[in-house]
Structures are given as structure tokens and as C-alpha cells.
Amino acid sequence: MSNILVNAPKTARRGDVIEIKALILHPMETGFRPGPNGRILPRNIIERFTATWNGTEIFAMDMSPAIAANPFVSFFARANDSGTVVLRWTGDEGFAAEHRVDIAVE
Amino acid sequence: MSRRLLVVGLGLVFAASYATAQVGADKRRSGYQDMGEALQKMQDDDTANPGMLFVQLGGQLWSKQTGVADKSCADCHGAAAASMKGVATRYPAIPQGGDRPVDLEGRINLCRTEHQRADRLPPENRELLALTAYVAHQSRDMPIAPPYDHRLDAFRQQGAEIYRRRQGQLNLSCAICHDDNAGKKLAGVVIPEAHPTGYPIYRLEWQALGSLKRRLRNCLAGIRAEAWPLDASEYVAVELFLMDRAKGLKLETPAIRP
Amino acid sequence: MDRRLFLAGTAAIVILPLAPAAATPDAMAEAIRKVIGTATPTEGRVKLDVPPLVENGSTVPLTVSVESPMTEADHVKAIHVFNEKNPQPNVFSARLGPRNGRAVIGTRIKLGDSQRIIAIAETSDGKFWSAGADVIVTLAACLEEAT
């Protein structure tokens, strides 16, 4: 179960530039911190965040351990046509999560 | 470094701030007001506030069947927006048939053991924090309203005594920091008035959600006092006192704190 | 009084310990070279918003905005953010284009200590633009006991 919060408008006028904000539950363990037993905790981060609009990639971000825990990303998109925006997070330990938003453009 | 040096240092910090202190009328401030604009914005925006991820998780757990009874919270309580509205404003409280106060987490654990017939969730357990945040979030923006129950007086009194008692290697009381020096800076940090308005909070230092108990343990560590055991009644007593002291202030759960 | 001295005494400092060699301004310069090659970025067009003073380095809000019409002919292709003192100099690298409409990205980063942050944008004409900001991190008091 992943916990994801996304804020994007459900409708937009053609050509509008809309903001998409996304927050996901993830420790973003840096791989540099000692754990309770003094040993370094293995790195466990989200490495990549992407957004597609009707299948075309419109935004991608490579993350480093310097991105804060429970990563937050906001970006903009031009609403050209109605469709589905798919947000995807992938990272260490096979982490993969996805969230879809349908946006009606008139 | 010697402890003496520290105490002297602390004295200096306070002495310096005493000079510029403006003792005003009773104008209580939530820790929210002591934060910078960036953090206030983070708290106010539900898709920027990481505490909301835990509220979301709590909402998922709310309708999940658990325990021997195979019942979910929702099976008995229905929609939390209605049944849990205002509940967090009046905790800790004495449960039906009980004689000692429990905090909201304790109350939820009672439902787990008595009604769901599931195990108690341990302190700081993620699911327990998420459920507590979800329940408390239903009271966001509502004023803290401790119950009128005279059976609570003795416990609250115990909390008040702990609050005023000097303790730890630094020999400080909660009151010295949070009453006498609130609003002043300690090591670059504004000392808040210690109102429990936002619990469970997302503390940036923890990079996670945590309870008032955990926050109090941090303050105890700060003054080099031994923290009470995790299940000690002291935490509930102090919370009763703090909630009474914060009566009328609005709940913010899930709050952000540095 | 020295703030660290005080903290060292009152609480175990568990704030993002920089266990391995921390990134240095040199490491940052090297990381930047890897991304932009021999080009020299021009200061301007990029705006880097970070609070100058943050209460806790573990979650610092950051927004990069680049002045650009974001058209097919003239847009921002990439935005990179670097720092001086974290264990690694790269913070993030983002790819964008005309479909974004506005070249503005927000996120939150970790800063182990007070330091300088640099944002570099690459525009569709192959030029690089940059902006920098200094952030002072005040340490939280009364931290966790180191268990």
C-alpha cells in the first residue's frame, strides 16, 4: 500500500497552465546515517519521479539522497487535451508506486 | 564539556533575554506562531503537509477489519467526520467503567483490545500514530475543551506539579523554559509555550509523525532528565495539565514542528 | 555562547551526521562540470527560492523558477540543483519542455549544515543560466536521545 497525495485540477481550459503537486510516503534513507545499532543504514531512496500525459512524458526528475523524507514535488503542465496524467515513483529495493489523475480539458 | 559550563551558559542566555523581555497580558501562542513562514505554509497546505500522508493512512486503517472480532473502526463508528468530530478536543479522559484517564492513543488501544479483540499497538507504532492523527484531524480548527470531570483533578494536579518541578542534571523545570522564557531564543530556537495543539505532529527533526509523549521525552533528554518509562502515567498527567492550560486554543493536527 | 557547545551538552546531536567525507565546494564544481561540460553558466533568468534561515535542515522547501516562454522554439530543457556540504553534491536533475508551460519546480531538500545552493538551467539554445542562495541552518534544541 503506498500513501500518495496529489493536488491537480479535475478540469482545465485548453491551453491553461496547471500546477500539479505530489507527496509520497517514503523514508529517503540516505545511506550515510548510522542506525540504532551504530551501523550505517542501507540507502533506500526514490531515484526517479516521472509524469506522463496520455502516455507522453512531460516531466522527469532524478532524485538524490538530499531530497527530504516523504518527497514533495510540484511542477506545471500545459493542458492540451483531456486525458490521464500518470505519476510514477521508482527507487531502491524495487520501490514502484503510481498515481493517476484524470483531467477534463474543454 | 562540563555541566557547570552549560548551566552558566544557559544562565547567560536567559539573563540576556530577560533584559529585552516584554511581559504582556495573557496572549497564548501556539507553536505554529513561532514557526517561520515557510513552515507555516507547509502546515497549511494539505498536499504539502507530510502529516497528511499519515492521516490518509489512518483513514485506510479506519475501515480495515482487524482482530478476532474482525471488525473495523468504521463498522462501529461509521464516518469519522461525524462520529469523531470534537473527540480529540476533550482527551485525556476517563473511559466508561474506568477510574484512570487515558490519552487518545490509549482510548484507541482500548477499542482494539475490547472491541476488535486485537493486540495493543505499542507506543510510536506507525499504525497507532496514523489512527490517532486521523481521529484528531476530525477536530482540526476546533478549540481544546477539556471535560468537566472532577475525577481528573488529582491527575491534572500531578501534571502541574511535574511541570513546575526542577529536574534533570540541568535542574530545570518545564515552567522555567515554557512560562518564564517562552518566546525567547535558546540556542537559536524560539522556546514555544508548549501547547499541545498539533499532536500527533510531523516533526522535521524526526522526519516522521510522533506523539506528544515522544516530544516530552525530547524535552526531558534536553535537560538531561531520565525519561519516564513509555507506559508511565506521568505522560497522561502532564498532557491533562497542558490541555487545560491550552483550553480554547485550536487543534491543528497534523501540525508541522521543527 | 557557542550554540554547538550548548547543544552538545543538552542533547545528543543526531542531525544528519555527515559520516563520510562531505561534499566540498570542489566536489560541487566537479558535479556541475559533469552536467554542463566546459560551458560557463550566466547568472540570471533563474530564481532560487529557499528560506535564508531554516529551523531544521531535514526538510527545507526550495523552488526554482526560470524565466522562459516555454515554447517549442525557446524553452528550458533541464534544471539541476547542487549543494556544497551534503555527502553528495547533486540534489536533483529535472527534465522539462514546452509541455510544462512554466519552468517552475518545487521540492524539499535536506541540508546537513549552513551552505550555498546552486541551481542551473539549460535552455533549448544550449545555454546555461544559474542562481545561488545561502542558507543558514539553526539546529533544533532538545533532540532525541541517541539510542
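Residues numbered from 1 in each chain as written. Chains lettered and ligands numbered in written order. Predicted model: local features only at pLDDT ≥ 70, side-chain atom pairs only at ≥ 80, totals over all residues. Heavy atoms only, no water.

A.B. asks: Can you walk me through the confidence of the model for chain C in this structure?
C.D. replies: Should pLDDT be low for a region, the predicted coordinates there are not to be read in detail. Residue and element names in this part refer to chain C. Within chain C, residue pLDDT values average 81, and 78% of them lie at 70 or more. The least confident element of chain C, judged by mean pLDDT, is helix 1 (residues 3–10) at 36; the most confident is strand 7 (residues 103–109) at 97. Segment residues 1–21: pLDDT under 50, and 61 contacts once partners within four positions in sequence are set aside and those in other chains are kept. We note a pTM of 0.87 for the whole complex and an ipTM of 0.93 for its interfaces. (pLDDT = per-residue confidence, 0-100. Helix = DSSP H or I, 4+ residues; strand = E, 2+ residues; numbered from the N terminus. Contact = heavy atoms within 4.5 Å.)

A.B. asks: Sorry, what's going on with the interface of chain B and chain A here?
C.D. replies: How big an interface is tends to be stated in terms of the accessible area lost upon association of its parts. Each side of the interface is counted separately: chain B has 15 residues, and chain A has 14 residues. With both chains or domains summed, chain B and chain A bury close to 1,200 Å², and 58% of this area falls on carbon and sulfur atoms. Across the pair Asp45(B) and Lys21(A) runs a salt bridge, and its minimum N-O distance is 2.6 Å. At the junction of chain B with chain A, the criterion picks out six residue pairs in polar contact (both at pLDDT 80 or more). The greatest single-element share of the side of chain B that touches chain A, amounting to six residues, is contributed by helix 3 (residues 51–62) of chain B. When grouped by side-chain class, the residues that make up the side of chain B that touches chain A number seven nonpolar, five polar and three charged. (Buried area = accessible area lost by both parts, 1.4 Å probe. Salt bridge = Lys/Arg side-chain N within 4 Å of Asp/Glu carboxyl O. Polar contact = N/O pair within 3.5 Å; in protein donor to acceptor, adjacent residues only side chain to side chain. Nonpolar A, V, L, I, M, F, W, Y, C, P; charged D, E, K, R; others polar.)

A.B. asks: Would you mind going over the packing of helix 8 (residues 153–164) of chain B against helix 11 (residues 234–245) of chain B with me for this structure?
C.D. replies: Helices that pack against each other are described as a pair by the angle of their axes relative to one another and the distance between those axes. Residues and elements named next belong to chain B. The N-to-C vectors of helix 8 and helix 11 enclose an angle of 90°; their axes lie 7 Å apart at closest approach. Relative to helix 11, helix 8 is oriented roughly perpendicular. In contact with Phe155, Arg156, Gln158, Gly159, Ala160, Ile162, Tyr163 and Arg164 of helix 8, helix 11 contributes Glu234, Ala237, Val238, Leu240, Phe241, Leu242, Asp244 and Arg245. (Axes fitted to C-alpha atoms, helices over the stretch in contact; angles between N-to-C directions. Parallel < 35°, antiparallel > 145°, perpendicular 65-115°, else oblique.)

A.B. asks: Hey, could you run me through the environment of Pro69(C) in this one?
C.D. replies: Along the chain, Pro69(C) falls in the loop between strand 4 (60–66) and strand 5 (76–83). Considering only alpha carbons, one finds Pro69(C) and Pro98(C), 29 residues apart in sequence, at a separation of 8.4 Å. Residues within four places of Pro69(C) in sequence aside, it is in contact with Arg78(A), Asp74(C) and Gly101(C).

A.B. asks: Help me out: how do you make sense of unusual backbone geometry in this one?
C.D. replies: Both trends apply: most residues other than glycine have a negative phi, and most peptide bonds are in trans. All names here are of chain B. Tyrosine 91 connects to proline 92 through a cis peptide bond whose omega is -5°. Secondary-structure assignment places proline 92 in the loop between helix 5 (80–83) and helix 6 (104–115). In this chain, tyrosine 199 is followed by proline 200 through a cis amide linkage whose omega measures -10°. As for its position among the elements, proline 200 is in the loop between strand 2 (189–190) and strand 3 (201–203). Here the phi dihedral of arginine 117 falls at roughly 50°; this positive angle occurs in a residue that is not glycine. Even without being a glycine, arginine 224 presents a positive backbone phi close to 60°.

A.B. asks: Sorry, what's going on with the sheet that holds strand 2 (residues 46–49) of chain C here?
C.D. replies: The strands making up a sheet are joined through hydrogen bonds of the backbone, oriented either antiparallel or parallel. Read across the sheet, six strands follow the order 1(A)-3(A)-6(A)-7(C)-4(C)-2(C) without closing on themselves; strand pairing throughout is antiparallel. The sheet terminates laterally at strand 1 (4–7) of chain A together with strand 2 of chain C, the two strands that pair on one side only. Taking each pair of neighbouring strands and ignoring which way they run, the sheet shows an average axis angle of 15°. Pairing of strand 2 of chain C with strand 4 of chain C involves four bridges; the strand directions are antiparallel. Along strand 4 of chain C, the bridge assignment pairs Leu48(C) with Val64(C). Its contacts with the sheet place helix 3 of chain B against strand 1 and strand 3 (17–24) of chain A, and it is angled at close to 115° to strand 1 of chain A. (Pairing = 2+ DSSP bridges.)

A.B. asks: It is not clear to me how the pairing of strand 6 (residues 90–95) of chain C should be interpreted in this structure. Could you clarify?
C.D. replies: On any regular strand, side chains alternate: one points to one face of the sheet, the next to the other face. As defined by bridge partners, strand 5 (residues 56–63) of chain A adjoins strand 6 of chain C across four bridges and the pair is classed as antiparallel. Bridging from a neighbouring strand, Asp62(A) pairs with Ser93(C) of strand 6 of chain C. In textbook terms, the turn of a hairpin is the stretch between consecutive antiparallel strands, and for strand 5 of chain C and strand 6 of chain C this stretch comprises six residues.

A.B. asks: How do you make sense of the packing of helix 3 of chain B against helix 7 (residues 126–137) of chain B when you look at a structure like this?
C.D. replies: Residues and elements named next belong to chain B. At a closest axis distance of 7 Å, the pairing of helix 3 and helix 7 adopts a crossing angle of 95°. Classified by the interaxial angle, the pair formed by helix 3 and helix 7 is roughly perpendicular. Along the contact surface, helix 3 presents Met52, Phe54, Val55, Leu57, Gly58, Gly59, Leu61 and Trp62, while helix 7 presents Arg126, Glu127, Ala130, Leu131, Ala133, Tyr134, Val135 and His137. Here the contact of helix 3 with helix 7 is built from residues that sort into eleven nonpolar, three polar and two charged.

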